[in-house]
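Descriptive structure summary
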Amino acid sequence: FPVTIFAHIIKNLPVSDHTVTVKNQTLLPVLSATAPNPTLLSRSYLLGQPHSLTKIKEIILWGYPTEKRGTSTRILQPAILQQLSTVMTQAAWSDWRQFFDNFGSGKTVPSVGAITASKIAYFYNINLQNRPALILDSRIIGVKGGWTELSHLKFTGSTFSAAQYVAYLDSMHATTIVTGK
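What comes next concerns the included structure. Owing to the predicted nature of the structure, the values given are computational and were not obtained by experimental measurement.

1. Quick word on the packing of aromatic side chains
In this structure the tally under the stated criterion is ten aromatic pairs. Ring centres 5.0 Å apart and planes at 90 degrees place the aromatic pair Trp-93 and Phe-99 in the edge-to-face group. Like Phe-99, Trp-93 is buried. On the numbers, 6.0 Å between centres and 40 degrees between planes, the contact of Trp-96 with Phe-100 is tilted.

Quick look at the structure:
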């Protein structure tokens with residue numbers, strides 16, 4: 001189906017209000033005391049937070065609120081949080097390849113892959129090569145074959161190159177122009 005069939009719905013989605021409930025009770029102490037509700041994290045709240053270790057922690061919990069596959073616990077280790085903080089404070093990237101070169105096996109932050117890195121980039125409002133960050137969403141990628149505008153994307157598994165991420169950004173941007181979002 002062309003995504004334009006859903007344009008009237010898509011352009012009215014309250015994306016900034018998208019809120020998740022952190023369900024892993026053992027990770028709740030990680031959340032900021034300043035969060036309006038310590039079990040709820042919204043996109044608008046996270047986008048408005050300045051850089052800090054707390055923001056990185058909250059992004060991880062927003063992205064993995066139910067602790068699937070141990071992702072939150074693994075990434076929330078102090079050494080990994082410090083690596084992430086260091087990468088996010090350097091902010092000297094000229095393109096998405098340079099950004100993603102920090103993440104993955106053998107890199108500055110080996111425990112963080114492209115999907116998690118895209119969440120961090122999104123909530124830090126990173127815009128490289130005139131392409132603002134978007135979250136690599138496995139649910140969208142999973143149904144891409146059903147949407148004409150995304151069917152050309154060739155993602156397999158959970159590893160994405162910077163070039164694939166740029167293709168994803170370009171496709172999603174073109175789709176938002178079509179839908180009016």
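2. Quick look at the side chain of Ser-85
Following the sequence through the fold, Ser-85 ends up in helix α5 (residues 78-90). Classification of Ser-85 by relative accessible area gives buried; the value is 10%. Those residues in contact with Ser-85 that lie beyond four places of it in its chain are His-51, Leu-53 and Ile-56.

3. A look at α5
If you check α5, its first and last C-alpha atoms are 18 Å apart, about what 13 residues at 1.5 Å a residue would give, namely 18 Å. Looking at α5, one finds that the buried residues are Ile-80, Leu-81, Leu-84, Ser-85, Val-87 and Met-88. When α5 is viewed along its axis, its buried side chains cluster within an angular range of 165 degrees and face the same direction. Opposite the buried face of α5, by more than 90 degrees, sit the exposed residues Pro-78, Ala-79 and Thr-89.

Thresholds applied
- Position labels on residues start from 1 in each chain and follow its written sequence.
- Per-residue local features of the predicted model are confined to residues with pLDDT of at least 70, and side-chain atom pairs are confined, for both listing and counting, to 80 or more; whole-chain, interface and lining totals are unaffected and use all residues.
- Excluding hydrogens and water, the side-chain figures rest on all heavy atoms present in the structure.
- By convention, a stacked pair of Phe, Tyr or Trp rings (six-membered ring in the case of Trp) has centres within 6.5 Å and planes under 30 degrees apart, an edge-to-face pair has planes over 60 apart, and any other such pair is tilted.
- Burial classification: accessible surface area is computed with a 1.4 Å probe over protein chains only, and a residue below 20% of its type maximum counts as buried, one above 50% as exposed, and the rest as partly exposed.
- Secondary structure counts use DSSP, requiring at least four H or I residues in a row for a helix and at least two E residues in a row for a strand, with both numbered from the N terminus.
- Whether two residues are in contact is decided by their heavy atoms, any of which lying within 4.5 Å being enough.
- Here the expected span of a helix is defined as 1.5 Å times the quantity of residues minus one.
- Directions pointing from the helix axis toward each C-beta atom define the arc.

From the geometry alone we can't say anything about function, so treat these as descriptive.
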